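# Survey of secondary and tertiary structure
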Amino acid sequence: MKIIGTGSALPEKVVTNDMLASFLETSDSWITTRTGIHTRRLLSKETLSELAMTAASLALESSGIAPEEIDYLICSNVANSYVTPSLSSIILGPLGCKCPCTDLNGACTGFIYALDIADAFIKTGRAKNILIVAAEEPSRFCNWHERETSVLFADGAGAVVVTEGEGFKDFILTGDTHTDVLYYKRSLETTPFDRVEEKTVPLVMQGREVFKLAVRSCIRDVDTILERNNMTGSDIDMYLLHQANFRINDSIREHLEQPKEKFPTNMQKYGNTSSASIPILMDELSRAGELKDGMNVLLSAFGGGFVTGASILKWSGIEYKEKSEE
Ligand code: ACO
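Just so we're clear, the structure is a prediction, and the values are computed from it rather than from any experiment.

What counts and how
Residues numbered from 1 in each chain as written. Predicted model: local features only at pLDDT ≥ 70, side-chain atom pairs only at ≥ 80, totals over all residues. Heavy atoms only, no water. Phe/Tyr/Trp six-rings, centres within 6.5 Å; stacked < 30°, edge-to-face > 60°. Helix = DSSP H or I, 4+ residues; strand = E, 2+ residues; numbered from the N terminus. Buried < 20%, exposed > 50% of the residue type's maximum accessible area, 1.4 Å probe, protein only. Lys NZ or Arg CZ within 6 Å of the ring centre and 35° of its normal. Core = buried A, V, L, I, M, F, W, Y, C linked by side-chain atoms within 4.5 Å. Domains from an automatic or database assignment. Contact = heavy atoms within 4.5 Å. Buried area = accessible area lost by both parts, 1.4 Å probe. Salt bridge = Lys/Arg side-chain N within 4 Å of Asp/Glu carboxyl O. Polar contact = N/O pair within 3.5 Å; in protein donor to acceptor, adjacent residues only side chain to side chain. Nonpolar A, V, L, I, M, F, W, Y, C, P; charged D, E, K, R; others polar. Near = heavy atom within 4 Å. Areas by Shrake-Rupley, 256 points an atom, 1.4 Å probe, with all protein chains shown as cover.

Once that is clear, we can look at the packing of aromatic side chains. Counted according to the given criterion, the structure contains 6 aromatic pairs. Between Tyr-72 and Phe-121 the ring centres are 4.8 Å apart and the planes differ by 80 degrees, which places this aromatic pair in the edge-to-face class. Placement of Tyr-72 in strand 4 (residues 72-76) and of Phe-121 in helix 5 (residues 110-123) is noted, with a sequence separation of 49 residues between them. Like Phe-121, Tyr-72 is buried. For the pair Phe-168 and Phe-171, a centre-to-centre distance of 5.3 Å together with 5 degrees between the ring planes defines the contact as stacked. Take Phe-171: its relative accessible area is 12%, and that puts it in the buried class. Looking at Arg-126, its charged tip hangs above the ring of Phe-121, at a distance of 5.6 Å from the centre.

Structure (structure tokens):
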């Protein structure tokens with residue numbers, strides 16, 4: 001499998017740390033030194049499905065594949081205001097795709113999970129062209145009266161078109177049960193048979209625990225995938241890591257003893273957009289000409305569950321009609 005098109009879309013509304021400090025007990029210096037985040041984009045006028053559609057349309061356009069040639073649409077999404085229909089069903093028709101569609105929730109690792117599933121579909125001949133759209137609005141899960149999580153998360157969408165080819169070398173996916181370290185619990189309708197009325201619990205995160213789990217598991221995944229492909233950290237030209245916290249990514253970089261230039265970031269501008277963070281970064285780098293034909297790229301992410309994923313691929317250059325402005 002290889003990637004032949006990319007796209008991304010972000011909300012218009014830019015929210016600075018100072019804007020948050022005007023109603024939360026926090027500060028620009030706390031947020032930037034602890035996380036690396038300076039601004040984030042939050043949904044205000046747009047809807048998540050509009051962002052997903054824009055990212056998907058850009059990915060389709062750059063791939064040269066028509067919507068009706070897509071054999072499967074996979075959306076990576078943790079939650080949005082619709083429980084049903086799925087986000088993929090909502091955007092399928094307007095995009096002009098005529099194929100099966102499904103959503104998956106792999107938390108912030110969802111994009112790598114979706115790539116792995118697409119790879120299996122393509123290898124087994126079940127599909128040739130697959131559109132993957134990671135669209136997330138985690139800002140809608142946070143408690144905006146508390147500073148703990150609301151300063152970290154943000155909204156956005158990234159998409160890729162994949163097809164048969166020799167790009168992806170390997171995937172590692174892991175799962176483990178650590179429900180208490182990161183969860184958002186939605187209340188559903190009560191029935192006459194319910195004993196207790198459940199309340200929605202906005203995102204709860206044990207930050208230090210997540211930090212340690214993230215560093216430990218990403219290093220384990222990266223070491224394993226490099227070793228089993230007879231590669232070292234130096235063989236990778238670009239590391240596209242989940243954009244949650246620059247200190248997590250810096251710990252991985254220090255472990256690998258690789259230069260900062262190989263670890264591009266955009267969390268400073270966009271915050272943590274969950275599973276959309278890697279495809280947004282990928283799209284920006286590819287459109288800017290920084291991801292070049294033949295480069296070895298390593299993807300690695302972690303997310304609530306706890307789930308993790310990593311992959312190695314050789315990048316194939318994509319021709320874009322227009323260069324991205326950012
Ligand atoms: N502003 C100001 N102070 C704050 C804030 C805030 N927004 N949030 C917490 N604090 C305070 C705490 O109350 C604490 O105060 P105390 O010392 O008086 O008790 C102090 O800052 C330090 O808190 P720590 O939790 O020790 O801070 P830490 O250095 O661990 O940083 C952070 C917290 C940024 C959350 C860090 O633990 C982290 O990044 N964890 C990983 C989070 C993450 O990656 N989440 C997303 C993963 S999930 C995903 O992407 C799927």
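Residues Leu-226, Leu-298 and Phe-302 are the most contacted members of the largest nonpolar core, which totals 41 residues. Listed by contribution, the elements that provide at least two residues to this core are helix 6 (207-228), strand 11 (238-241), helix 7 (246-256), strand 12 (296-303) and strand 13 (307-314). No other element matches helix 6, which puts 9 residues into this core. Residues lining this core come from more than one domain, with at least three contributed by each of domain 1 (2-168) and domain 2 (170-316).

Turning our attention to the domain arrangement of the chain. Domain boundaries assigned for the chain yield domain 1 (2-168) and domain 2 (170-316). Taken together, the contacts link 54 residues of domain 1 with 49 residues of domain 2. Broken down residue by residue, the surface that domain 1 buries against domain 2 is led by Cys-108, Ile-112 and Phe-168, which jointly contribute 16%. Our count for the contact surface shared by domain 1 and domain 2 stands at 0 salt bridges. At the boundary of domain 1 and domain 2, one finds 20 residue pairs in polar contact (both at pLDDT 80 or more). Taken together, the elements giving at least two residues each to the side of domain 1 that touches domain 2 come down to strand 1 (2-9), helix 2 (28-35), strand 3 (39-42), helix 3 (48-63), helix 5, strand 6 (130-136) and strand 7 (156-163). It is helix 5 that contributes the most residues to the side of domain 1 that touches domain 2, 7 residues altogether. The residue makeup of the side of domain 1 that touches domain 2, split by class, is 24 nonpolar, 20 polar and 10 charged.

Turning to the site of the ligand, a few remarks are in order. Around the ligand sit 24 residues in total, of which Thr-26, Arg-34, Cys-108, Arg-208 and Asn-245 are the nearest. Trp-30 places a polar side-chain atom, nitrogen or oxygen, 3.2 Å from an oxygen atom of the ligand. Bound to the protein, the ligand loses 75% of the 1000 Å² it would expose on its own. When contributions to the shell around the ligand are tallied by element, the ones reaching two or more residues are helix 2, helix 6, helix 7 and strand 12.

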